[in-house]
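Each chain is listed here by its residues.
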Amino acid sequence: MTVVESAQHRFDAVRISPHRTIECAIKQLDLAGTGALVLCEEGDRFRGLLTDGDIRRGFLRGVTFQDPCSEVATQRPLTVPPTVKATEMLQIMNRIDINHLPLVDNAGRATGLILRRDLMVENHLEMSAVIMAGGLGTRLLPLTLDVPKPMLPVGDRPLMELTLERLRKAGIRHVNVTTHHLSDKIKGHFRDGHDFGVDLTYVTEEHPLGTAGGLGFLSGRTEPILVINGDVLTAVNYNDLFAFHRDNRADLTVGVRLYEMEVPYGVVDCEGTHVKRVREKPTIKLFVNAGVYVLEPLVSYFIPAGRRCDMTDLIKELLEAGRNVVSFPIMEYWLDIGQHKDYARANEDVRLGKMI
């Protein structure tokens, strides 16, 4: 299948009306895994391009989930006809540094969406990363009795192999792994990482140090570092994450995920004893911590050496010190494998090719 044929094949998954809500767009982006949607009216008339970056910037300026896609989309993005050669498309995308290129014919009809990753084998992001792999995995017992959670098979490979593959494809070559529970099994499988295309070093915690404490052993760095929890399965674009971190001049960037929770009762809003509104089984929408972070080197000074420190504690310390902490909404595939139902879903999603 050619690049143009692939772009046309995915068109149904990325086509959206400009009148649909941003909330609908976020859900469709999650399913499509493309990082962008093509805005089309009747007859596939092209009306713009909506990227996950557009949505993030929209949130920063106060748009809501119920605003239409057209509120934040780029109305007149660069487009190319389907007849343009793939080499020319890549030159255009590299020259102006864009990751999405809509295909639009001479009649103004959209026919597909080219992704820069269609045209490139790998990116080259020279950063290091940390995988927090020291958890006990208590909620997944008895599976984690003899197998550390990062070594649980997802599809036909351990979870951590999938994480390392995503990091390698982003151009990240050096990865630190914090370990505690059954650390020898992790080290025995991955060794120095060369068989997996990365350079691995290990930080073994003598006692559990929480979700941030192990980072205290990595002081002395001079560049930002990506941190990801070892039980997270995600297709987040790390290049976009780092760019967002730099653009916002953040000290720490927290990956967040939209979480919806339906209240199974009628909710009564009151002021004192006066009833102001009754809502029948409302759905509450929140951003939750996705277990993916970017940290500047100075953050290490806020981590107590050799003592337990969770990432929530670290964020609180930074906020109290007036440091710049920002959130990065993850639109791509994301799953926290914390319970048995999550583990079953991860295997099914990988089998169906959803984690792309």
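To keep things clear, this report deals only with the structure shown in the data block. Every chain begins its residue count from 1, and numbering advances along the sequence as written. Thresholds applied to this predicted model are a pLDDT of at least 70 for local features of residues and 80 or more for the giving and counting of side-chain atom pairs; totals over whole chains, interfaces and linings are not thresholded and use all residues. Calculation of side-chain values draws on the structure's entire complement of heavy atoms; hydrogens and water are dropped beforehand.

### Comments concerning helix 3 (residues 22-32)
Argument step 1. Whether a residue is buried, partly exposed or exposed follows from its accessible area with a 1.4 Å probe, protein chains only, as a fraction of its type maximum: under 20%, in between, or over 50%, in that order. Runs of H or I in DSSP of at least four residues are treated as helices and runs of E of at least two as strands, each being numbered from the N terminus. Buried residues of helix 3: I22, E23, A25, I26, Q28, L29 and A32, and no others.
Argument step 2. Just downstream of helix 3 lies G33, where phi reads positive at about 65 degrees.

### Focus on helix 10 (residues 238-247)
Argument step 1. Of all the positions in helix 10, only Y238, D240, L241, F242, F244 and H245 are classed as buried.
Argument step 2. Polar contact criterion, stated in full: a pair of N or O atoms within 3.5 Å, where within protein one must be able to donate a hydrogen and the other to accept it, and residues adjacent in sequence count only if both atoms are side-chain atoms. By the N-cap criterion, in which a side-chain oxygen at the helix start approaches the backbone nitrogen of a residue two or three places on, helix 10 is capped by N237, the distance to N239 being 3.0 Å.
Argument step 3. Remark: R249 follows helix 10 within two positions and exhibits a positive phi of approximately 50 degrees.

### Thoughts on the state of the cysteines
Argument step 1. Note that a disulfide, as used here, is simply two cysteine sulfur atoms within 2.5 Å. This structure, assessed with the given rule, holds zero disulfides.
Argument step 2. Its sulfur unpaired, C69 is 7.5 Å from the next cysteine sulfur, which belongs to C24.

### Comments concerning the pattern of salt bridges
Note that side chains of opposite charge can pair when their charged atoms are close.
Argument step 1. For this analysis, a salt bridge means a side-chain nitrogen from Lys or Arg found within 4 Å of a carboxyl oxygen belonging to Asp or Glu. According to the stated counting rule, one finds 21 salt bridges in the structure shown.
Argument step 2. The shortest N-O distance in the salt bridge between D251 and R323 comes to 3.1 Å. Taken together, the positions of D251 in the loop between helix 10 and strand 13 (252-262) and R323 in the loop between helix 11 (311-320) and strand 17 (325-329) put the pair 72 residues apart, joining distant regions of the chain.
Argument step 3. Classification of R323 as partly exposed rests on a relative accessible area of 34%.
Argument step 4. What emerges from the salt-bridge pattern is a single network uniting E23, K27, E260 and K285.

### Section: the sheet that holds strand 17
Argument step 1. Here a strand pair is declared whenever DSSP counts at least two bridges between the two strands. Pairing is mixed across the open sheet formed by seven strands, whose spatial order is 10-9-6-11-16-13-17. Pairing within the sheet leaves two strands with one partner each, and these edge strands are strand 10 (199-204) and strand 17. Taken pair by pair, the neighbouring strands of this sheet meet at an average axis angle of 30 degrees, ignoring direction.
Argument step 2. For strand 6 (residues 128-133) and strand 9 (residues 174-179), the ladder comprises six bridges, and the chain directions are parallel. The partner of V130 across the bridge, within strand 9, is N176.
Argument step 3. Each of strand 6, strand 9, strand 10 and strand 11 (225-229) is contacted by helix 7 (residues 159-169), which is oriented at about 165 degrees to strand 6, the strand it contacts most. Interaxial angles span 0 to 180 degrees and are taken between N-to-C directions of axes, which are lines fitted to C-alpha atoms, for helices over the stretch in contact. Contacts are residue-level and defined by heavy atoms, with any inter-residue pair within 4.5 Å sufficient.

Functional significance is not addressed by these values, which are geometric in nature.
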